[in-house]
Amino acid sequence: MKPMEGDEVPLRINTFTLIPNQKYRRSCRHLQSKKDGDRLENFHIQYNCGYFQIIPVEIFHKVLCYLSGLLFKRCTLLLPTKERLKFVQNQLLKNPCFRMGGCTMLAQCSGFACFGMLLQTLIAGWDELECHRVFNFLSEGANLPRKMQSVVCSRPGATRKLELQIRLFYRRVLLDHWEHQCDIAFWLTRILKPWPMVNQARLLYLLYGPMSISDGQIHWHHMTQIPASEDSIKGLAAAVRLLHENAKEWTADDIFTLLEELAGFPQEWLLENSARLLICCGNNMCFTFLANKAVNGRLNELATLIVFLSLVCEKDGYCMDWTVKMVHRICKVIASNESRWNFLQAIEKVFARVTMDMIESLMFSGMEEDEGVTYNMYNMVNAQAEFHKEVMLRAFSNILT
Ligand SMILES: [Zn+2]
């Protein structure tokens, strides 16, 4: 929300604070103020960003941070939570930019962010039970359960406007302002937990998946179609990691299932993207996830992931030593020597198979697909060579040092 520029700015921006003109009679004053009111209303309709358009956003943030929020908090200090929330309802939610569906320039408007900062000041220091009430109050007030139901029951992208509303409301009002990770984890848990796991993964993607800044469209098929950049994946990875590290309400199994569901939605992700998500989740989570597969005997799946982890290391410039160490750690989790050897051989077979598949697809692809396949094959062959270089360094370490 930037200040308006050019001729279109109404000259009398202080219209609504004007002292009524003494020379008018009461009836005239009434007409005048109605006229002013209308003008202001037109102004609001014209610019769609409410009265916030009038002051620079930085100033407004400061006012909220240092005055109104605290003042509001202090004014309502003696009221029970329920009454304070009623006050929020009656006073704050009058502003269309604070309400879901109230503003037509949602992506550019900072109404939700202002509301979020105000709310944060108001509820700072409240206990968990009170925060639960705040969540229920906001959800019910904005009719969110029904809106989310409608989103998760539709094809991804079919309810674009609603998807954007939900994402921006949750991110800007409840998730983005907190300083401490445990607070974000608390609110994210409130948002996700009421839903079954498959929907949790979908909602997580809705909140943190890649989105077009220009039209506010969630890129639902990004991970299933093209190798994703680290930037487009790290928001999701940070959210998964946050839940894993901070929320008491998530078991390791919950997180594994969430990751699996995530990498299968809306269809199976490219293996490269699944591997990139794991790497972005950090060393510990990545190892725990892979070790869990090892313990459950899913060795072929594991070998495939290792190959794609090495591809991501090669492409994104990580040290291949990391992948080899990971394989070493995982081997220790596998119960028998025989299974360990099977796992190591499976890695080699996957390297060979994936390269063969790429050669094949290069032979049968049209000219326009050549470039991508060639680039991928180039990286895969280099990844394999780097991987083996690290293995050899270990195998021959006694004669190299
Ligand atoms: Zn607005």
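Residues numbered from 1 in each chain as written. Predicted model: local features only at pLDDT ≥ 70, side-chain atom pairs only at ≥ 80, totals over all residues.

Student: Please clarify how the nonpolar core should be interpreted in this entry.
Tutor: Nonpolar side chains in soluble globular proteins tend to be buried together. Formed by 93 residues in total, the largest nonpolar core has its most connected members in Leu 204, Leu 236, Val 240 and Leu 309. Counting residues per element, this core draws most heavily on helix H15 (residues 299-316), which supplies 11 residues. Non-local contacts of Val 240, meaning those with residues more than four positions away in its chain, are made with Ile 255, Leu 258, Leu 259 and Cys 281. (Core = buried A, V, L, I, M, F, W, Y, C linked by C-beta atoms within 7 Å. Buried ≥ 20, exposed ≤ 12 C-beta atoms within 10 Å, placed from the backbone. Helix = DSSP H or I, 4+ residues; strand = E, 2+ residues; numbered from the N terminus. Contact = placed C-beta atoms within 7 Å.)

Student: Can you help me understand the environment of Gly 209 in this one?
Tutor: Locating Gly 209 in the fold gives a position in the loop between helix H9 (197-208) and helix H10 (222-225). Given 23 C-beta atoms within 10 Å, Gly 209 falls into the buried group. With 10 residues separating them in the primary sequence, Gly 209 and His 219 have C-alpha atoms 7.3 Å apart. Beyond its immediate sequence surroundings of up to four residues, Gly 209 is in contact with Ile 218, His 219 and Leu 236.

Student: Teacher, can you tell me more about the packing of helix H13 (residues 271-280) against H15 here?
Tutor: Packed helices, taken two at a time, are described by their axes: the angle between them and the distance between them. Following both chains from N to C, one finds H13 and H15 inclined at 75 degrees, their axes separated by 8 Å at the closest point. Classified by the interaxial angle, the pair formed by H13 and H15 is roughly perpendicular. On H15, the residues that touch Leu 271, Glu 272, Ala 275, Arg 276, Leu 278 and Ile 279 of H13 are Thr 304, Leu 305, Phe 308, Leu 309, Leu 311 and Val 312. Residues belonging to the contact of H13 with H15 are distributed by class as follows: 9 nonpolar, 1 polar and 2 charged. (Axes fitted to C-alpha atoms, helices over the stretch in contact; angles between N-to-C directions. Parallel < 35°, antiparallel > 145°, perpendicular 65-115°, else oblique. Nonpolar A, V, L, I, M, F, W, Y, C, P; charged D, E, K, R; others polar.)

Student: Would you explain the environment of Cys 331 in this entry?
Tutor: For Cys 331, the position within the fold is in helix H16 (residues 321-333). Exposure remark for Cys 331: the 15 C-beta atoms within 10 Å place this residue in the partly exposed category. Separated by 10 residues in sequence, Cys 331 and Trp 341 have C-alpha atoms that sit 8.9 Å apart. Aside from chain neighbours lying at most four places away, what touches Cys 331 is Arg 340 and Phe 343.

Student: Got a minute to help me understand the confidence of the model for the protein in this structure?
Tutor: Caution applies to low-pLDDT parts of the model: their predicted coordinates are not meant to be read in detail. Residues of the protein with pLDDT of at least 70 account for 79%, and the chain-wide mean is 82. Predicted confidence in the protein is weakest over helix H1 (residues 26-47), with a mean pLDDT of 41, and strongest over H15, with 97. Scored below 50 in pLDDT, residues 1-49 makes 33 contacts in the model with residues more than four places away or belonging to other chains. (pLDDT = per-residue confidence, 0-100.)

Student: Please clarify how the packing of H15 against helix H17 (residues 337-364) should be interpreted in this entry.
Tutor: Where H15 meets H17, the closest approach of the two axes is 8 Å, and the angle between their N-to-C directions is 50 degrees. It follows that H15 is oblique to H17 by the angle criterion. Like other packed secondary-structure pairs, H15 and H17 cross with a definite hand, here right-handed. Side by side, H15 and H17 meet where Leu 299, Asn 300, Leu 302, Ala 303, Thr 304, Ile 306 and Val 307 of the first sit next to Ser 339, Asn 342, Phe 343, Ala 346, Ile 347, Val 350, Phe 351 and Val 354 of the second. Tallied by class, residues from the contact of H15 with H17 come to 11 nonpolar, 4 polar and no charged. (Left-handed = near helix turned anticlockwise from the far one by under 90°.)

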